[in-house]
Amino acid sequence: MTDPSPGAGSRCEAVHESAFPAMLEDNIDDLYDTAPCGNLSTLLDGTIAKVNATLLGWLGYSRDELVGRRRFSDLLTVGGRLYHETHFAPLLQMQGEVNGIALELRCADGSRLPVLVTSAVKTGGDGQPLLIRTTIFDARERRAYEKELLHARQEADADRERLQGLVAGLQHSLLPDMLPAPPRMQVSAYYHMASADRIGGDFYDLFPLTADRWGFFLGDVCGKGLAAAATTAAARYTLRTAAAYEPDPTLVLTHLNSALYQNYDSPSHRHCTVVFGILTPTSAGYSVTIAGGGHPAPMLLRADGTVEAQDVGGTLIGSLRTPNVATRTFSLTAGDTLILYSDGLLEARIDPSTDRYGEDALEAFLARSTPSTAPAAVEALTGVLATFERLDDDVALMAMSLRHPAPDS
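Model, not experiment: these values are computed from the prediction. One numbering rule holds for all chains: residues counted from 1, following each sequence as written. The predicted origin of the model limits local features to residues at a pLDDT of at least 70 and limits the giving and counting of side-chain atom pairs to 80 or more, whereas totals for whole chains, interfaces and linings rest on all residues. With hydrogens and water set aside, each side-chain value is computed from the structure's full complement of heavy atoms.

### Focus: the packing of aromatic side chains
Pairing of aromatic side chains here covers Phe, Tyr and the six-membered ring of Trp, requires ring centres within 6.5 Å, and sorts the geometry by plane angle: under 30 degrees stacked, over 60 edge-to-face, intermediate tilted. The final tally for this structure, using the stated rule, is three aromatic pairs. Members of the aromatic cluster, connected to one another through ring pairs, are Phe203, Phe207 and Phe217. Should the NZ of a Lys or the CZ of an Arg lie within 6 Å of a ring centre and within 35 degrees of the ring normal, that charge is described as sitting over the ring. The lysine or arginine in question, Lys50, covers the ring of Tyr32, its NZ or CZ lying 4.4 Å from the ring centre.

Okay, structure coming up:
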């Protein structure tokens with residue numbers, strides 16, 4: 001690549017030198033009159049003293065109809081005049097300048113012209129105000145663009161409302177409509193959706209197995225969305241079906257693990273954490289046997305005010321061909337309440353400067369709430385959720401409590 005010749009550069013400079021004076025000699029009055037914006041000068045009382053052809057063309061007035069005959073406020077719509085009197089004019093008087101105010105002007109044919117108005121007070125050498133200079137920009141294209149944006153926003157909001165309705169309906173279909181209560185027991189449940197736009201994977205259920213035995217579970221599928229919803233549906237169906245044939249909670253979770261693990265190589269594969277249990281009546285209340293697959297420990301609130309974390313551990317269900325499923329058995333007597341929950345409760349942020357809520361904080365809160373009942377415990381935990389700074393994950397709660405026997409009559 002070669003440098004331009006000196007001759008070419010000289011010719012270019014000559015063109016610029018000849019054009020620049022010509023631009024300076026352009027008629028200043030013509031620049032004012034035919035500017036691409038409206039120019040307006042008024043006396044301090046608003047009487048129009050000067051107006052350019054551009055603004056006259058937009059409004060459809062002649063110069064004689066406006067100059068000395070109308071005030072600037074006369075060109076405004078009713079709402080614009082009210083705003084001018086209560087806001088625009090007082091601000092202009094105090095500040096000496098007002099910038100980019102959206103108003104509407106009335107044209108001679110009665111139509112409206114959306115504009116952006118900037119006004120400044122011109123002062124004399126003694127600092128006293130002499131007149132008001134106003135520049136007006138045509139905002140019709142901007143207004144049309146804003147209407148298009150508003151229409152698009154309204155359509156997007158409507159689409160989002162429809163999506164949220166579908167998500168809420170699908171989420172509801174994955175949960176029982178109601179929880180039947182075993183004899184002498186109270187039950188309660190609650191589900192909090194962290195996002196109205198994405199379906200979560202938390203699930204729970206309580207159901208009769210025989211005339212006197214009951215099964216229950218609460219779990220959390222990894223991830224969100226349709227794949228998580230499909231896994232949730234499969235998990236609920238598998239657990240209820242396996243529980244009808246297997247008296248051992250360990251075998252019930254083993255069946256669930258087999259059902260989930262068979263899709264391990266699929267992009268839609270999901271694993272889950274879950275606690276599954278069986279209630280068997282005893283003379284003192286119920287015997288509870290639970291099996292765990294990597295789920296947070298259920299909390300047992302005793303009638304004497306103590307809290308016992310029933311940690312069973314275990315591995316994630318669906319993540320290994322042969323899972324490690326742990327079990328434990330304990331009693332549920334009069335005044336006791338068993339609470340199951342998903343890890344969204346433990347992972348909630350109390351406030352931006354603190355760690356997550358955690359099991360220790362939950363156990364301490366429940367200790368202050370004992371003795372309790374299933375409805376009261378769920379209500380108390382629901383109140384705690386409302387105080388958190390942020391809930392990043394769905395939260396499922398389910399509680400079962402044994403009533404005190406009625407006094408003899």
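### Some words on the sheet that holds strand E10 (residues 285-293)
Between any two strands, at least two bridges found by DSSP are needed for them to pair. In DSSP terms, a helix is any run of H or I states spanning at least four residues, a strand is any run of E spanning at least two, and both are numbered starting from the N terminus. Strand order in the open sheet made by the five strands is E7-E8-E9-E10-E13, with antiparallel pairing throughout. Looking at the sheet topology across the chains shown, the edges are occupied by strand E7 (202-208) and strand E13 (326-333). Neighbouring strand axes in the sheet, compared pairwise and without regard to direction, differ in orientation by 15° on average. In this structure, E10 lies alongside E13, joined through eight bridges in antiparallel fashion. Looking at E13, one finds that Tyr286 is bridged to Leu332. Here an angle of 0 to 180 degrees is reported between the N-to-C directions of two axes, which are lines fitted to C-alpha atoms, with helices fitted over the stretch in contact.

### Points about the pattern of salt bridges
Salt bridge, as used here: a side-chain nitrogen of Lys or Arg that lies within 4 Å of a carboxyl oxygen of Asp or Glu. Tallied over the full model, the rule gives nine salt bridges. Two residues, Asp205 and Arg236, come together in a salt bridge whose shortest N-O distance is 3.0 Å. Placement of the pair is Asp205 in strand E7 and Arg236 in helix H7 (residues 226-245), with a sequence separation of 31 residues. Accessibility here uses a 1.4 Å probe with only protein chains present; expressed as a share of the type maximum, an area under 20% marks a residue as buried, one over 50% as exposed, and anything in between as partly exposed. We classify Arg236 as buried; its relative accessible area is 15%. The network of salt bridges with shared partners includes Glu104, Arg112 and Arg143.

### A word on the side chain of His84
Checked against the element boundaries, His84 lands in helix H5 (residues 78-95). His84 sits in the buried class, given a relative accessible area of 16%. For this analysis, residues touch if any pair of their heavy atoms sits within 4.5 Å. Among residues more than four places away in sequence, those in contact with His84 are Phe72, Ser73, Leu76, Ala89 and Pro90.

### Some thoughts on H7
Here a helix's expected span is defined as the number of its residues, less one, multiplied by 1.5 Å. Its 20 residues give H7 an end-to-end C-alpha distance of 29 Å, which sits within 8% of 28 Å, the value for a rise of 1.5 Å per residue. Those residues of H7 that fall on the buried side of the exposure criterion are Ala228, Ala229, Thr231, Thr232, Ala235, Arg236, Thr238, Leu239, Ala242 and Ala243.

### As for the nonpolar core
Soluble, globular proteins show a tendency: their nonpolar side chains are buried together. By nonpolar core we mean a set of buried residues, namely Ala, Val, Leu, Ile, Met, Phe, Trp, Tyr and Cys, connected to one another through side-chain atoms within 4.5 Å. Formed by 25 residues in total, the largest nonpolar core has its most connected members in Tyr204, Leu206, Phe216, Leu279, Val288, Leu338 and Met400. Secondary structure elements with two or more residues in this core: strand E6 (185-192), E7, strand E8 (214-221), strand E9 (272-281), E10, E13, strand E14 (337-341) and strand E15 (395-402). Ranked by the residues each element gives to this core, the list is headed by E15, at four residues. Look past the residues within four positions of Leu279 in its chain and what remains in contact with it is Pro182, Met185, Leu206, Asp212, Arg213, Trp214, Phe216, Tyr286, Ser287, Val288 and Met400.

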